[in-house]
Each structure stands twice: as C-alpha cells, then as structure tokens.
Amino acid sequence: MSIWGKIVGGAAGLALGGPIGLLVGAVGGHFVDRMRNDGEVDPDRAKRSVGFTIAVIVLGAKMAKADGVVTEDEVTAFKEVFKVPEDEMKNVARIFNQARQDARGFEPYAEQVAGMFQSTPEVLEELLWCLAHIAKADGVIHPGELEFLKRVAQIFGFDDQKFERVTALQLDGEQADPYQILGVSRDASEEEIKKAHRALVVENHPDKLIAKGMPEEFVAVANERLAKINAAYDRIRKRKGSAGA
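Residues numbered from 1 in each chain as written. Predicted model: local features only at pLDDT ≥ 70, side-chain atom pairs only at ≥ 80, totals over all residues. Heavy atoms only, no water.

Engineer: An account of the overall build of the protein is needed here, citing residue identities and associated values.
Structural biologist: Counting its regular elements, the protein contains 13 helices and zero strands. Listing each helix as α and each strand as β along the protein from the N terminus yields α-α-α-α-α-α-α-α-α-α-α-α-α. For the protein, the proportion of its 245 residues judged to be buried stands at 47%. Across the protein, every contact between residues at least 6 apart in sequence was considered, and the portion connecting residues at least 24 apart equals 78%. A total accessible area of about 11400 Å² is found for the protein, and carbon and sulfur atoms account for 50% of it. (Helix = DSSP H or I, 4+ residues; strand = E, 2+ residues; numbered from the N terminus. Buried < 20%, exposed > 50% of the residue type's maximum accessible area, 1.4 Å probe, protein only. Contact = heavy atoms within 4.5 Å. Areas by Shrake-Rupley, 256 points an atom, 1.4 Å probe, with all protein chains shown as cover.)

What follows is the structure, given as structure tokens:
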C-alpha cells in the first residue's frame, strides 16, 4: 500500500500522539487500520514515514494561510511534491482542510515532527525543501511565507546559514549562489569544496533518506534537490577552472 493509503486509515494504528495524532483522529477516526496487514516490517520507520507525510500536508496547509490566499499554482505545486494518485486525493484533502480550519498555530506540528527526526536532520531539510518548493510555486515567496519558513527552520534547529542553503535551492540557474548551496565560503579550497559536495550528496541521497523515514513517494523531489546540489558543484568547478586558465 502506498503512503497515501496509510495516512488516514493506517495512521490511527501508529500511536503518533501529539497534535498530528489528534488531527488524524479528527479526520479519520472511523477508518479501518490497514497498516498491520500491509507487510510493514519496520513499524518505527512506518511511523516516521506517515509522520513526515502528514507534517508536510499540515504545514503546507498552515503556510497556505500565511499569505492569505491559496493560488492555483500552489495547489499544482502541492500535487507535484506529493505525486498523489487521484483515488487518494480525498484523504489528503481531508487532512489539508482540517489543518486549515484548526485554530492552533503551526508550531506544535513543527515541534512534533522535529522531535521525530531529531537524530536525522537531513530528513527535516527535505521537509523544509518541500515547503519552500510549494511557497515559491507562484513565482515569489511572500513575506508571510518567508517568515513561516524561517520559523519552521528555527523549530527544526537550523541556523540562518542552513536555512539560506536549503531555501536557496529553490532559485533557478544563475540566481542561486552555488557556494551558499554547498555551504562553503568563496575562498574555500578545491578540496574543501569537494568534501562539502560529497557530504551533501551522501546525506541527501534518496535511498538514505528513505531508510531514515522519508516516504518513497518523495523520491522525485529528493532527486531534484540532489540535481541542484550537483549543478552548484559543477558551476563552482567551472568558475575556478576559468579563473585558473
């Protein structure tokens, strides 16, 4: 069963607790738990995967309220990030709409997922990347969305440098600072740049992220981010090659 079939029917049996558990209970308390019969061999990983998915939906819904309007571009980007099958859209919509109506702020949800992935911050980076992708869908990150993303990053334990590195990945081509993306200074040596690039590739490899709780349904987005990391490295190499010519 895909992650989408589990987020409502299966989440109830995972004892997620906290605000995420309460929201799922309010939305799908009457659904039958299908997780136990799905052949899941790692219940803890299942909990992290479902938690990750619901957190992106909930935080995406909360962020949609940040600029006061949900655009068609944002809805399209939301679907791009999730790759949601048509027959599961109702489940996703239930949680999205419940989160938008929930009077609580987004902080409790961000705090809960931060606790779930405390030992694997690279998964939290991927979650922040998904949110930034949605925020920029209409061509610009609005001030309210930017503040939202910064606050989420703080809750995740990211400093300003890491926030800039992750969100800079959302810029296109020459707009993005390749040094910022790799988290190195402009006077870094070739060896330091190569080491930083290698570390990011290892940390952000989809297989590794999946093993740590990212659902397989997010592989396409993870590959996109990895491609931009590699592109930043190539740009730096070309610049240094031109400078040394």
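Once the structure has been displayed, the description carries forward.
Engineer: A description of the pattern of salt bridges should follow, citing residues and the corresponding values.
Structural biologist: Scanning the entire structure with this criterion turns up six salt bridges. Between Lys212 and Glu122 there is a salt bridge, and its shortest N-O distance comes to 2.3 Å. Of the two residues, Lys212 is situated in the loop between helix H12 (206-211) and helix H13 (219-244) and Glu122 in helix H7 (residues 121-135); the sequence distance between them amounts to 90 residues. Judged by relative accessible area, Lys212 falls into the partly exposed class, the value being 22%. (Salt bridge = Lys/Arg side-chain N within 4 Å of Asp/Glu carboxyl O.)

Engineer: Can you explain the nonpolar core? Please cite residues and give values.
Structural biologist: One finds Leu127, Leu149 and Phe156 to be the most contacted residues of the largest nonpolar core, which totals 48 residues. Not counting residues within four places of it along the chain, the set of residues in contact with Leu127 comprises Phe52, Ala55, Val56, Leu59, Val113 and Phe156. In this structure, Ala176, Leu182, Ala188 and Tyr233 belong to the second largest nonpolar core, which totals 14 residues. (Core = buried A, V, L, I, M, F, W, Y, C linked by side-chain atoms within 4.5 Å.)

Engineer: Kindly report on a positive patch on the surface, identifying the contributing residues and their values.
Structural biologist: On the surface, Lys194, Lys195, Arg198 and Arg237 cluster together to form a positively charged patch. Counting residues per element, the positive patch draws most heavily on helix H11 (residues 190-203), at three residues. (Patch = residues over 30% accessible without salt bridge, like charges linked within 9 Å, V, L, I, M, F, W, Y side chains within 5 Å. Lys, Arg positive; Asp, Glu negative; His and termini not counted. Charge placed at Lys NZ, Arg CZ, Asp CG, Glu CD.)

Engineer: Account for the packing of aromatic side chains, with residues named and values stated.
Structural biologist: Throughout the structure, instances matching the rule amount to three aromatic pairs. Seen from their ring centres, Phe52 and Phe117 are 6.2 Å apart, and the 90 degrees between their planes marks the pair as edge-to-face. A residue pair is termed long-range when its members are at least 10 positions apart, and Phe52 in helix H3 (residues 43-64) and Phe117 in the loop between helix H6 (107-116) and H7 qualify at 65 residues. Under the relative-accessibility criterion, Phe52 is labelled buried at 0%. Look at Phe156 and Phe158: their rings are 5.9 Å apart centre to centre, the planes differ by 75 degrees, and that puts the pair in the edge-to-face class. Judged by its relative accessible area of 7%, Phe156 is buried. (Phe/Tyr/Trp six-rings, centres within 6.5 Å; stacked < 30°, edge-to-face > 60°.)

Engineer: Now, about the side chain of Asn204: what can you tell me, with residues and values included?
Structural biologist: Note that Asn204 resides in the loop between H11 and H12. Residue Asn204 is classed as buried on the basis of its relative accessible area, which comes to 1%. In terms of polar contacts, Asn204 uses its side chain to reach the backbone carbonyl oxygen of Leu200, at 2.8 Å. In this structure the side chain of Asn204 is engaged in a polar contact, spanning 2.7 Å, whose partner is the side chain of Arg225. With residues up to four places along the chain from it excluded, the contact list for Asn204 reads Glu126, Leu209, Arg225, Leu226 and Ile229. (Polar contact = N/O pair within 3.5 Å; in protein donor to acceptor, adjacent residues only side chain to side chain.)

Engineer: Quick one: what's the story with the confidence of the model for the protein, residue by residue and with numbers?
Structural biologist: Low pLDDT marks regions whose predicted coordinates should not be analysed in detail. Summarising the model, the protein shows a mean pLDDT of 77, and 73% of its residues fall at 70 or more. Counted against residues more than four places away or in other chains, residues 29-37, with its pLDDT under 50, gives 22 contacts. (pLDDT = per-residue confidence, 0-100.)

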